[in-house]
Amino acid sequence: MADIFTQQPLQHQQTFLDPHTQLGQISETHFSIPLDPKLYISALLNCTNLTQIKQVHTQITITGMTQNLTVANKVLYIYARFKALDDAYTFFNCMKEKDPVSWSVMVGGFAKNSDHENCLRTFREIIRSGLPPDNYTLPFVLRVCRDTVSLKMGREIHHLVYKYGLHLDPFVSATLVDMYSKCGVIEEARLVFDKMPTRDLITWTVMISAYAECGIPNESLVLFDRMREEGVVPDKVTMVTVVFACAKLGAMNKAKLIHEYILRKNFTFNVILGTAIIDMYAKCGSVEAAREIFDGMRERNVVSWSAMIAAYGYHGYGRKALELFPLMLQNGVTPNRISFVSLLYACSHSGLVDEGCEFFHSMWDKYYVRPDVKHYTCMVDLLGRAGRLNEAMELIEGMTVEKDDGLWGALLGACRIHGNIELAEKAAKSLLEIQTQNPGHYVLLSNIYANAGRWEEVANVRDLMTKMRLKKIPGWTWIEVDNKIHQFSVGDKTHPQFKEIYEMLMGLIKKLELAGYVPDTNFVLHDVDEELKVGILYTHSEKLAITFGLISTAEGMPLRITKNLRVCGDCHTFCKLVSATERREIIVRDANRFHHFKKGACSCGDYW
DNA sequence: TTAGGGTTAG
């Protein structure tokens, strides 16, 4: 047998694989050695497993064809594609001659297989050996910077483009945009994007997706329009990112327009696009429209089922979410960790404590999905909301997986609802030990202390926040009026009609109070002036006020709704009204969930 | 010969 890595060709003619035949069928016939590299390349590309690759590689070595760089690079490439990086690297090291393609394939092989360390090490070797980096290698290295969120390194790689006088082609630019946005500096991503002389579809898609992901989905839609104006035709991947942006925006009119566009342009309705549309409709307030899409899908995978379960969950329809689970199993779909997060979340927000506990226990026993910290967090939330705080604490104490700030935050939130200051302090101590960077947790803690009148602790938490340079970022709300999207935050005065909006708001507050609504300012952020508290309680979302304004024109509605409307602790500050789908129902959205207020009852059972 | 973009939760 020839040594396929040292590439020593055999001296004598051997029985070997006939590259003309189908791979995997060994030809026993002797024939003269074909020396056409194309045959070996196509044989390599036709391999379906590692054994076949090694067989072809052996033949290539026997013939001495490894001396041909094109063939050798293809051997490297195919090993990397089948994740056989050890084989690829051993071969790479034995290659007597390497060209930029060899280096690029090796760097790319490591990058695609998430071997960040070796990818960077190989890239440094290129630079050290005096070879210039090229436009083929840079996207791979930038990909590592993106995946490891290494902004500093990403900037250094970007600098190499100028240092080596490289042309910023669409590949490098697209990965730079992607890297900067995933590293949280969307402005730098946009700078690269704006500087490109011409942008191809992928760069547009990356930029559209970047805005949606970093919480500026309205800009995604603006870019989508601009892209089409410039004559770039979107493909289905672009449409998925646009649908995702619309889901983030929660704007139903836009959602419908985009859905119509997808149908009109005959985009293939695959699982990914279908699932994205389910999510979009659900997040725009219509769980029914989401279900319609779900029912109409030809193929559904675990993501589609989980998305639908989650949709019912955050709309407060826990039972419907749970009904989907056995159907999912019947359809031969295996639940994953996210399916269980969605199920437990649905239970916790519909007060289905027993059902939640059952799922939690069966997920590992029956479905071999090991509970991670997120599942424990759902359970703490479930037990905590139901007032079973001690059980929640016992669960945490018995955990073998690493605890994170979200877990303690859930316990802290439950302590706030039930006014359990002792347990709150335990949770707070652990949160402070972890040094959570989530300002919401500190605000929560400060509020608990404030409610207990422990002002010294309030001041300590505030000091800590200042020292850690943490600031609560205000939530944004978007509202669609006549197909135009308006953006607001609490106390916002940037809207051209802000005077009219606040006048209407103040009028509504008066009506609310006349209707007997007494605001509970206990849970309003304590970092605002006292006189603003009541205002914030109502103005947490101007959208809420505006929609109330619209509803108030409907006969008899405002008093009935306002009398019965009790928003939960979270909603006091973060509630967002999405739309009034019918006169007798309004849907309120807080950070991640929806409340359906129908004839004075909320679909979410917790707060009623 | 080698390169870039998409779905579910928190």
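Not measured: the values here are computed from a predicted model.

(A) A look at the overall build of chain A. A tally of helices and strands in chain A yields 31 helices and six strands. Expressed as a percentage of its 608 residues, the buried residues of chain A come to 52%. When contacts within chain A are restricted to residue pairs at least 6 apart in sequence, long-range pairs at least 24 apart make up 60% of them. Within the structure as shown, chain A displays about 29,600 Å² of accessible surface, and the carbon and sulfur contribution to it stands at 54%.

(B) Examining helix H11 (residues 201–213) more closely. With 13 residues, H11 ought to run about 18 Å at 1.5 Å a step, and its terminal C-alpha atoms sit 18 Å apart, in line with that. Counting buried residues in H11 gives 10 out of 13 residues, a clear majority hidden from the surface. When we look at burial in H11, the residues that qualify are Thr-203, Trp-204, Thr-205, Val-206, Met-207, Ile-208, Ser-209, Ala-210, Tyr-211 and Ala-212. For H11, the secondary structure elements touched by its buried residues are helix H9 (170–182), helix H10 (186–195), helix H12 (217–229) and helix H13 (236–249). Positive backbone phi, at 90°, marks Gly-215, one or two positions downstream of H11.

(C) Examining the nonpolar core more closely. One finds Ile-157, Met-207, Met-239, Met-308, Leu-411 and Leu-412 to be the most contacted residues of the largest nonpolar core, which totals 160 residues. The contact partners of Met-239, leaving out residues within four places of it in the chain, are Phe-224, Pro-234, Ile-258, Tyr-261, Ile-262, Phe-267 and Leu-273.

(D) Region of the structure containing unusual backbone geometry. One non-glycine residue with positive phi stands out, namely Lys-83, at about 60°. Within the secondary structure layout, Lys-83 lies in the loop between helix H3 (69–81) and helix H4 (85–94). Non-glycine residue Asn-266 carries a positive phi angle of around 55°. Within the secondary structure layout, Asn-266 lies in the loop between helix H14 (252–264) and helix H15 (271–283).

(E) A look at the packing of aromatic side chains. Scanning all chains against the criterion turns up 14 aromatic pairs. The ring of Tyr-77 is capped by Lys-74, whose NZ or CZ atom sits 5.1 Å from the centre of that ring. Its guanidinium or amino end placed over the ring of Trp-364, Arg-370 lies 4.1 Å from that ring's centre, counting from NZ or CZ.

(F) Region of interest: the pattern of salt bridges. As enumerated under the stated definition, the model contains 22 salt bridges in all. Note that Arg-155 and Glu-188 form a salt bridge whose closest N and O atoms lie 2.5 Å from each other. Of this pair, Arg-155 sits in helix H8 (residues 151–163) while Glu-188 sits in helix H10, and the two are 33 residues apart along the sequence. Under the relative-accessibility criterion, Glu-188 is labelled partly exposed at 22%. A salt bridge links Asp-225 to Arg-228; the shortest N-O distance between them is 2.7 Å.

(G) Inspection of the UniProt feature "repeat: PPR" (unreviewed entry) in chain A at higher detail. Cross-referencing UniProt, the feature "repeat: PPR" (unreviewed entry) maps to residues 99–133, 200–234, 270–300, 301–335 and 372–402 in the present numbering. The span residues 372–402 is 71% helix and 0% strand, and its two end C-alpha atoms sit 8 Å from each other.

(H) Inspection of helix H6 (residues 116–128) at higher detail. Taking 1.5 Å per residue as the helical rise, H6 with its 13 residues ought to reach 18 Å, and the 18 Å between its terminal C-alpha atoms agrees with that figure. Buried residues along H6 sit against helix H5 (100–112), helix H7 (138–147) and H8. Note on H6: the residue one or two positions beyond its end, Gly-130, has a positive phi of about 90°.

(I) Focus on the packing of H5 against H7. Interaxial distance between H5 and H7 falls to 9 Å at its minimum, and their mutual angle equals 25°. Here H7 runs roughly parallel to H5, going by the angle between their axes. The way H5 lies across H7 gives a crossing that is left-handed. When H5 is examined against H7, the residues Ser-104, Val-107, Gly-108, Ala-111 and Lys-112 are found in contact with a partner set consisting of Phe-140, Val-141, Arg-143 and Val-144. For the contact of H5 with H7, the class distribution of residues is five nonpolar, two polar and two charged.

(J) The arrangement of the protein's contact with DNA strand B in detail. In the vicinity of DNA strand B, 51 residues are found, and the nearest of them are Tyr-136, Phe-140, Asp-200, Asp-235 and Tyr-345. Within 4 Å of the protein, atoms of DNA strand B come from sugar and phosphate in 38% of cases. Between DNA strand B and Tyr-136 there is a distance of 2.7 Å, counted from a base oxygen to a side-chain nitrogen or oxygen. Counting residues per element, the surface near DNA strand B draws most heavily on H13, at six residues. Grouping the constituent residues of the surface near DNA strand B by class yields 23 nonpolar, 14 polar and 14 charged.

(K) Just the state of the cysteines, in detail. Taken as a whole and assessed by the stated rule, the structure comprises zero disulfides. Among the cysteines around Cys-357, which has no disulfide bond, Cys-347 carries the closest sulfur, lying 8.8 Å off. We note that Cys-378 lacks a disulfide partner, and the nearest cysteine sulfur, in Cys-347, lies 9.2 Å from it.

(L) Structural detail: the environment of Glu-125. Mapping Glu-125 onto the fold places it in helix H6. On a C-alpha basis, the gap between Glu-125 and Leu-432 in space is 43 Å, while along the polypeptide they are 307 residues apart. With residues near it in sequence (within four places) discarded, Glu-125 still touches Tyr-89 and Trp-103.

(M) Structural context of the environment of Ile-78. Relative to the assigned elements, Ile-78 resides in helix H3. Using a relative accessible area of 0% as the deciding quantity, one classes Ile-78 as buried. C-alpha separation for the pair Ile-78 and Leu-407, spaced 329 residues apart in sequence, amounts to 44 Å. Not counting residues within four places of it along the chain, the set of residues in contact with Ile-78 comprises Leu-44, Leu-45 and Ile-53.

(N) Local environment of the packing of helix H17 (residues 302–314) against helix H19 (residues 337–348). In contact at an axis separation of 8 Å, H17 and H19 are set at 15° when each is read in the N-to-C sense. One element, H17, and the other, H19, form an angle in the roughly parallel class. The chirality of how H17 crosses H19 is left-handed. Residue-level inspection shows Val-302, Ser-306, Ile-309, Ala-310, Gly-313 and Tyr-314 of H17 in contact with H19, the latter providing Ile-338, Ser-339, Ser-342, Leu-343, Tyr-345 and Ala-346. Broken down by class, the residue content of the contact of H17 with H19 amounts to eight nonpolar, four polar and no charged.

What counts and what doesn't
Residues numbered from 1 in each chain as written. Chains lettered and ligands numbered in written order. Predicted model: local features only at pLDDT ≥ 70, side-chain atom pairs only at ≥ 80, totals over all residues. Heavy atoms only, no water. Helix = DSSP H or I, 4+ residues; strand = E, 2+ residues; numbered from the N terminus. Buried < 20%, exposed > 50% of the residue type's maximum accessible area, 1.4 Å probe, protein only. Contact = heavy atoms within 4.5 Å. Areas by Shrake-Rupley, 256 points an atom, 1.4 Å probe, with all protein chains shown as cover. Expected span 1.5 Å × (residues − 1). Core = buried A, V, L, I, M, F, W, Y, C linked by side-chain atoms within 4.5 Å. Phe/Tyr/Trp six-rings, centres within 6.5 Å; stacked < 30°, edge-to-face > 60°. Lys NZ or Arg CZ within 6 Å of the ring centre and 35° of its normal. Salt bridge = Lys/Arg side-chain N within 4 Å of Asp/Glu carboxyl O. UniProt positions renumbered as here; feature names shortened; annotations may be inferred. Axes fitted to C-alpha atoms, helices over the stretch in contact; angles between N-to-C directions. Parallel < 35°, antiparallel > 145°, perpendicular 65-115°, else oblique. Left-handed = near helix turned anticlockwise from the far one by under 90°. Nonpolar A, V, L, I, M, F, W, Y, C, P; charged D, E, K, R; others polar. Near = heavy atom within 4 Å. Polar contact = N/O pair within 3.5 Å; in protein donor to acceptor, adjacent residues only side chain to side chain. Disulfide = S-S within 2.5 Å.

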